[in-house]
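Fold and geometry: a report
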Amino acid sequence: MTIDDKLFTVKYKPDESSHLRPDLEKCKSCKSKICTTICPAKVYEWEEGEKKLTVNYENCLECGACRIACEKNCINWEYPKGNKGVTFKNG
Amino acid sequence: MTEISNNKTEVIVVGGGPAGIACAVTIARAGHEVILIERGSFAGSKNVFGGAVYAQPIREIFPNFEKEAPIERLNIEHKYAILGNEDSTVISYRHKDTDTPSYSVIRGKFDRWLAEQAKKEGVIVVEETVVRELIIENEQVIGVKTELEEYYSDIVVLADGVNSLLAKQIGFRDKMDPKDVALSVKEVIKLDSQKINERFNLSDDEGCIYEIFGGPMLGMLGLGFIYTNKESISIGLGVGLDALCDRKIKPYELLDELKKHPTIAPLIKDGELLEYSAHLIPEGGYKKIPTLFGAGVMIAGDAAMLVNNLHWEGTNLAMISGKLAGETAIRALVKGDFSEKMLSRYQKELENSFVIKDLKTYRNLMDEAHQRAESFMGYYLEQVNEFFKMFTTVDSVPKRQKYHKFIFDFIKKRNIIELFKDAFSAFKLFWSILIK
């Protein structure tokens, strides 16, 4: 089972805009890009061709790991709006 | 109510988890006005944990919860499983304790029930509302700013969880370090109750807890868990975020490895994934407890990093800290004094309770565990399985020869200096836990 299959079991109400805002300029010089590894919802993906970090904020499980792990300390991390984001039925 | 419509109340509690609900209901029972603000669409909808709550502390706040609340199973067995690559050693403690039991619950159901009870007792629960910042005037917290409006209160209690952005805003917390949190991922797997009973040797409504060491987490500060629900199994793991970063591990792949282990796989076989989830666990312990009070503000539960990770306790510390914050709030309201000095009573009460006493007892645990993770969470776990492999294998090699080889290998593989360092570390730790 892939992570996409796992995420398919999660109930979301996505917002129109991202609640996760990394400083994309700083991401370009980040060596580890650790957010792309440790995020349990594969929110962050590095596009090598475009040299750009993609943020699939719709998948976010709101755990906060990226905020703490980011070596550039450059993720502006907020909760999604009140009625948006993830709803755990079996948390 | 007129005061509330003017956006001013006596107490605002931020966060509808166990800490916030315990706090709010304590205040409402004393006849004071309290608003509980929850960002999810219902209390519990943003919450994740392993699985079990402890009856005794909940009874202190909701004496009848065992009859009325949505409970999954009463845990009658704790299994401690040490996994090798293929093999495992499992120690099990079985006892049907109905005096101080633990129950598996699902937060989306259980916390929601707690919040419903709080509503019945006069707490005003405001859902789907995010508190974006605290309103501060003359160095005193006087209210909260949500997306839509400002609410004012005499006291604000922060029970906004492990990420507590509000505690950060007012400088109660330093920036968190990856080693101070564990990242947990969990899968809830549907399985019919008869299969659960057979696989875990249970009768209806009886539950079993697995605490899992080693396996794919070998050498890392991390543990796996299994809890049995009525008709599902919760399986997951929590690993230090620093270890995941250092080793560049995807947490869900680690869980996949755990699920494949020959000791674990048969337990969840043919189950259907109901829900995947993730959450952070505050693991900093006593040394990372933030400032707990200030003028007009107190902080409880995960937001205050109140987790006893060795004993898998969190919700109980959350509820008791919430209750104590609530009791201090009541005193402050009666006196009309919301100063830092008045609210300092909360910290004293916490220090006099098991909450801070226990965290203090284990104050050195995480430092030692981080330094010696490779041995305590790796080498020695491997050796437990090596020992039983040697002890149970019948191969016509004389036993004395086998013992000698085991001891020789045990010392050689780890080297004598490291063994002494481990022993010293263990001694230091036991001393600090048992003596001072």
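Because the structure is a prediction, the values reported are computed rather than measured. Throughout this description, residue numbers start from 1 for each chain and increase along the sequence as written. Just so you know, chain letters begin at A and ligand numbers begin at 1, following the order they were written in. It should be noted that, the model being predicted, local features are given only for residues of pLDDT at least 70 and side-chain atom pairs only at 80 or more, the latter also being counted only at that level, while totals for whole chains, interfaces and linings use all residues. Only hydrogens and water are set aside when side-chain values are computed; all heavy atoms of the structure are taken into account.

1. Quick notes on the overall build of chain A
Helical segments are the DSSP runs of H or I of at least four residues, strand segments are the runs of E of at least two, and each set is numbered from the N terminus. When its secondary structure is counted, chain A shows four helices and six strands. The N-to-C order of helical and strand elements in chain A reads α-β-β-α-α-β-β-α-β-β. Taking 12 Å as the expected radius of gyration for a compact globule of 91 residues, we find that chain A reaches 13 Å, a close match to that expectation. To sort residues, take the accessible area from a 1.4 Å probe on protein chains only and compare it with the maximum for the residue type: under 20% means buried, over 50% means exposed, and anything in between is partly exposed. Among the 91 residues that make up chain A, the fraction classed as buried is 54%. We take the radius of gyration over the C-alpha atoms and set the globule estimate at 2.2 Å times the residue count to the 0.38 power.

2. Describing the overall build of chain B
Per the secondary structure count, chain B includes 17 helices and 17 strands. Rg of the C-alpha trace for chain B: 23 Å, near the compact-globule value of 22 Å for 436 residues, within the 12% margin. Seen through its C-alpha atoms, chain B measures out along the principal axes to roughly 85 × 50 × 40 Å. For chain B, buried positions account for 59% of its 436 residues.

3. Brief notes about the interface of chain B and chain A
Contacts between chain B and chain A engage 50 residues on the former and 39 residues on the latter. Buried area is calculated as the accessible area (1.4 Å probe) missing from two parts once they are joined, with the contributions of both summed. At the boundary of chain B with chain A, total buried surface from both sides reaches about 3700 Å², with 56% on carbon and sulfur atoms. A pair is scored as a salt bridge if a Lys or Arg side-chain nitrogen falls within 4 Å of a carboxyl oxygen belonging to Asp or Glu. In this assembly, chain B and chain A are joined by four salt bridges. Think of a polar contact as two N or O atoms within 3.5 Å of one another; within protein, one of them needs to be a possible hydrogen donor and the other a possible acceptor, and neighboring residues in sequence only count if both atoms come from side chains. At the junction of chain B and chain A, the tally comes to 19 residue pairs in polar contact (both at pLDDT 80 or more). Where the side of chain B that touches chain A is concerned, the elements lending two or more residues are α5 (107–120), α6 (165–169), β11 (181–190), α8 (241–247), α9 (251–260) and β15 (272–282) of chain B. Sort the elements by how many residues they give to the side of chain B that touches chain A and β15(B) lands first, with eight residues. Should any heavy atoms of two residues lie within 4.5 Å, those residues are considered in contact.

4. Quick word on the packing of aromatic side chains
Here is the rule: rings of Phe, Tyr and Trp (six-membered ring for Trp) pair when centre to centre is within 6.5 Å. Planes less than 30 degrees apart are stacked, more than 60 are edge-to-face, and the remainder are tilted. Counted according to the given criterion, the structure contains 17 aromatic pairs over all chains. The interplanar angle of 85 degrees and the centroid separation of 5.4 Å between the aromatic rings of B:Phe387 and B:Phe388 together place this pair among those described as edge-to-face. On the basis of relative accessibility, which here comes to 28%, the residue B:Phe387 falls in the partly exposed class. You can call B:Phe388 partly exposed: its relative accessible area is 39%. Put simply, the rings of B:Phe376, B:Tyr379, B:Tyr380, B:Phe387, B:Phe388, B:Phe391, B:Phe406 and B:Phe410 pair up and form one aromatic cluster. Ring-over charges, as used throughout, are those where CZ of Arg or NZ of Lys falls within 6 Å of the ring centre and within 35 degrees of the ring normal. Across the ring face of A:Trp46, the terminal group of A:Lys33 is positioned such that the distance to the ring centre comes to 4.3 Å. One residue, A:Arg67, lies across the ring of A:Trp77, its end atom 5.6 Å from the ring centre.

5. Some remarks on the pattern of salt bridges
Residue and element names in this part refer to chain B. Enumeration according to the criterion identifies 40 salt bridges over all chains in this entry. The partner of Lys259 in a salt bridge is Asp256, and the shortest N-O contact between them spans 4.0 Å. Of the two residues, Lys259 and Asp256 are both situated in helix α9; the distance of three residues between them amounts to about one turn of the helix. Residue Asp270 is joined to Lys269 by a salt bridge in which the shortest nitrogen-to-oxygen separation is 3.5 Å. Across the pair, exposure class does not vary: Asp270 and Lys269 are exposed alike. Connected through shared salt-bridge partners, Arg372, Arg414, Glu418, Lys421 and Asp422 make up one network.

6. Points about the packing of helix α2 (residues 18–29) of chain B against helix α11 (residues 315–335) of chain B
All names here are of chain B. Running from N to C, α2 and α11 point in directions that differ by 30 degrees, and their axes come no closer than 7 Å. When the interaxial angle is binned, α2 and α11 end up roughly parallel. For the element pair α2 and α11, the recorded crossing hand is right-handed. Of α11, the residues touching α2 (which contributes Pro18, Ala19, Ala22, Cys23, Thr26 and Ile27) are Thr315, Ala318, Met319, Gly322, Lys323, Ala325, Gly326, Glu327, Ala329, Ile330 and Leu333. By the convention adopted, Pro, Cys, Tyr, Trp, Phe, Met, Ile, Leu, Val and Ala count as nonpolar, Lys, Arg, Asp and Glu as charged, and the other residues, Gly among them, as polar. Broken down by class, the residue content of the contact of α2 with α11 amounts to eleven nonpolar, four polar and two charged. Axis lines are fitted to C-alpha atoms, over the contacting stretch for helices. Their N-to-C directions set the angle, which ranges from 0 to 180 degrees. When an angle is under 35 degrees it counts as roughly parallel; over 145 it counts as roughly antiparallel; between 65 and 115 it counts as roughly perpendicular; any other value is oblique. In this scheme the crossing of two helices becomes right-handed for a clockwise turn of the near helix relative to the far one and left-handed for an anticlockwise turn of less than a right angle.

7. Comments concerning the confidence of the model for chain B
Looking at chain B, the pLDDT average stands at 96 and 99% of residues meet or exceed 70. As scored by the predictor, the complex reaches a pTM of 0.96 and an ipTM of 0.97. Scored from 0 to 100, pLDDT records how confident the predictor is in each individual residue.

8. Re the pairing of strand β1 (residues 8–14) of chain B
Residues in a regular strand project their side chains so that they alternate between the two faces of the sheet. Residue and element names in this part refer to chain B. For β1, the tally of buried residues reaches six of seven residues, placing the bulk of the element in the interior. Note that β1 and strand β10 (residues 150–158) share six bridges and pair parallel. Paired with Val14 across the two strands is Leu158, which belongs to β10. Pairing analysis gives four bridges linking β1 to strand β2 (residues 34–37), with the strands arranged parallel. What sits directly across from Val14, in β2, is Ile37. By convention, orient the strands away from the viewer: a clockwise path from the first strand over the helix to the second makes the crossover right-handed. Handedness of the crossover joining β1 and β2 through α2: right-handed. If DSSP finds at least two bridges between two strands, the strands pair.

9. Some points on the environment of B:Val185
Examined against the element boundaries, B:Val185 turns out to sit in strand β11. Each C-alpha atom of the pair B:Val185 and B:Leu254 lies 9.3 Å from the other, and the pair is 69 residues apart in sequence. Not counting residues within four places of it along the chain, the set of residues in contact with B:Val185 comprises A:Pro40, B:Phe225, B:Ile235, B:Gly236, B:Leu237, B:Pro251, B:Tyr252, B:Leu255, B:Tyr276, B:Ser277 and B:Ala278.

10. Looking at the domain arrangement of chain B
All names here are of chain B. Here chain B is partitioned into domain 1 (2–70 + 105–173 + 290–361), domain 2 (178–282) and domain 3 (365–434). Delimitation of the domains relies on an automatic or database domain assignment. Of note, the centres of domain 2 and domain 3, computed from C-alpha atoms alone, are 26 Å apart. Taken over both partners, the interface formed by domain 2 and domain 3 buries close to 760 Å², and the fraction arising from carbon and sulfur atoms is 75%. Of all residues in domain 2, Leu218, Gly219 and Leu221 bury the most surface against domain 3, accounting for 62% of the area lost on that side. Across the domain 2-domain 3 interface, the total number found is zero salt bridges. Where domain 2 packs against domain 3, one counts three residue pairs in polar contact (both at pLDDT 80 or more). Among the secondary structure elements, those contributing two or more residues to the side of domain 2 that touches domain 3 are β12 (206–214) and β13 (222–228).

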